[in-house]
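Remarks on the overall topology
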Amino acid sequence: MKSCRILSFFFLLSLLQFQLGAKETYLKKTPPQPRSGFDCLLTGIRESRKISPAREASDTVMVRRLYIDLCGRVPTGKETLDYLHTPQADKQARLVEKLLKSEEFAMFWAMRFGDELRIKSEFPINLWPNGTFAYTKVIYDFLRNNTPYHEFARSILLAQGSNFRNGYVNFFRAVPQKDTENIANAVTLFFAGKPLNKTDQKFADNIRQIFSELRFKSTREWKEEIVYLDNPLFDNRQAFYEILLDPQCSFFTETVVRRTWRWLFGNIPPEQEIVTYLAATFRMSNYDLRKLVRDICTSTAYRSGSIPADKNYTAAAAAGAVYPARRLDAEVLADSIAQITGSPYTYSSVIPEPFSYFHSRAAALTDGSVTDQFLILFGRPSRDSGLPEERKSVINADQRMFLFNSGGLHNKLNNLLRNRINREKDPLATLTMLFYSRRPTDAERNEFNTLSKKYGRHKVTASLAWVFMNSKEFLYQH
């Protein structure tokens, strides 16, 4: 009963802290100041719509935000403290650059691309394990090497040969049925940002014609397939690729911008002026995806806090005047819990050909068919359609019950308490740094000391671990 009281009190304190009070914990005193031409554009959009900008996010919020968005996990305590103790005025830009060059960025964003490219070995995609590995590998290499995006697009569109030896070939296999309609739909969905039936009729007919000569044949290698052209003398796909590079073709670059913005800000679409500006600079940069991410992550939109200054939250988010708070994605949540507790998840493949175990981060799984109860419950996409709507990032009652009652999570938190927290001189500071990437507030410390005297420090500390894991401040990107 006492433990329930402790947990309830700290849960309420954490909720009030995040939603209502102590804004200085999460915000700086003023809105972020413009530093670039893109920032000036954002300022003009906000002023024209009479939208008040949010105050700038604090350093503790920013370091957590960047690690989650670019690496798919919360920062470690050391990474947070390194950032907080860095004296340079441009430390945020420096961290962005460091993370963009990391292997974790390539791994995590390969997962993002894998969702929309339907990288899955089982029904209805049926790439099989060798195909999913080969496909994920070429996407990882594209991100790790910062290959220009138009070259990445060309590698996909003109791919042919073995799907085991050329990972890009799997783009044409990752469809429910390998016919012209499904292939044309996959092309427009990924490169134009909309399904075939939502495009102009003439454009749709041209896409069908261009990709109508693709053919498939199996080999003696188990599950291998060859993609080839019925007419090998002329490849119409080259003409389509050249259309994409035409400056008059806006959908190619704008689709990249909208997708990147969604991965960094959630599902509230940006104003068209933002898309147009970033698409133009993306083209001028020779389709440098890393630069596009850098431009967004150092902008006033990204540096804004998640506590709005304007009542119209959706309009403010679309104009880059507030950072939209949203629940952590399933893989990010799983990897962060594993990192914090020191208890990694193990994933198993239900595919009998072959049955496998994966000792890796959730974000590093190359196959959408490899999953577990946690990832399914928290909305990992099935990768059946490639549509963004497949990913669910809204907290629900089943997730709440799991977080409160899961025996597996109980064991992970016990492992954290036993192996680290109970040995710490300041367990409150350690827990807030691990879960929230910040130091405890005065209010939190006062209540911790008061309750520790009444109930005992170990009992309060054990309750705190559950509170922090169930709190909005941990479960949400903000």
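Here's what I pulled together on the structure shown here. (Residues numbered from 1 in each chain as written. Predicted model: local features only at pLDDT ≥ 70, side-chain atom pairs only at ≥ 80, totals over all residues. Heavy atoms only, no water.)

**Let's talk about empty space enclosed by the protein**
To find leftover empty space, a probe the size of one water molecule is rolled over the atoms. Throughout the structure, instances matching the rule amount to two cavities of 30 Å³ or more. The space that makes up the largest cavity amounts to roughly 40 Å³. If you go around the largest cavity, the residues you meet are Phe 105, Phe 142, Leu 143, Asn 146, Leu 289 and Arg 290. Each residue belonging to the lining of the largest cavity can be placed in one class, and the counts come to four nonpolar, one polar and one charged. A volume near 30 Å³ is recorded for the second largest cavity. As for the second largest cavity, its lining consists of Trp 109, Phe 113, Tyr 149, Val 256, Arg 259, Thr 260, Trp 263 and Leu 289. Those elements that provide at least two residues to the lining of the second largest cavity are helix H7 (103-116) and helix H14 (251-265). The element contributing the most residues to the lining of the second largest cavity is H14, with four residues. Its residues assigned to classes, the lining of the second largest cavity shows six nonpolar, one polar and one charged. (1 Å grid on protein atoms, 1.4 Å probe; cavity = no way out; pocket = protein on both sides within 12 Å on 5 of 7 lines; lining within 4 Å. Points joined across faces, edges and corners; volume = space filled by probe spheres on them. Nonpolar A, V, L, I, M, F, W, Y, C, P; charged D, E, K, R; others polar. Helix = DSSP H or I, 4+ residues; strand = E, 2+ residues; numbered from the N terminus.)

**Quick notes on the pattern of salt bridges**
According to the stated counting rule, one finds 37 salt bridges in the structure shown. For Lys 91, the salt bridge goes to Asp 59, with nearest N and O atoms at 3.0 Å. You can see Lys 91 sitting in helix H6 (residues 91-100) and its partner Asp 59 sitting in helix H4 (residues 59-71), a full 32 residues away along the chain. Overall, Lys 91 belongs to the buried group, its relative accessible area being 11%. For Asp 59, a relative accessible area of 23% puts it in the partly exposed group. Where Lys 78 meets Asp 82, a salt bridge forms, and the shortest distance between an N and an O atom there is 2.9 Å. (Salt bridge = Lys/Arg side-chain N within 4 Å of Asp/Glu carboxyl O. Buried < 20%, exposed > 50% of the residue type's maximum accessible area, 1.4 Å probe, protein only.)

**Comments concerning the pairing of strand S2 (residues 214-218)**
Direction of pairing for S2 relative to strand S3 (residues 225-229): antiparallel, over a ladder of five bridges. Each bridged residue has a counterpart across the sheet, and for Leu 214 the counterpart in S3 is Leu 229. Linkage of S2 to S3, two consecutive antiparallel strands, is achieved through a turn of six residues, within which Lys 223 is found at a positive phi near 70 degrees. (Pairing = 2+ DSSP bridges.)

**Some details on the pairing of S3**
Where burial is concerned, most of S3 is hidden: four out of the five residues are buried. Looking at chain direction, strand S1 (residues 161-162) and S3 are connected through two bridges and run antiparallel. Note that in S3 the partner of Ser 162 across the bridge is Ile 226.

**Digging into H7**
Its 14 residues place the ends of H7 20 Å apart at the C-alpha level, agreeing with the 20 Å of an ideal helix rising 1.5 Å per residue. The buried fraction of H7 is high, at twelve of 14 residues. When H7 is considered as a whole, its buried residues turn out to be Phe 105, Ala 106, Met 107, Phe 108, Trp 109, Ala 110, Met 111, Arg 112, Phe 113, Gly 114, Asp 115 and Glu 116. Just past H7, the residue Arg 118 takes up positive phi, approximately 60 degrees. (Expected span 1.5 Å × (residues − 1).)

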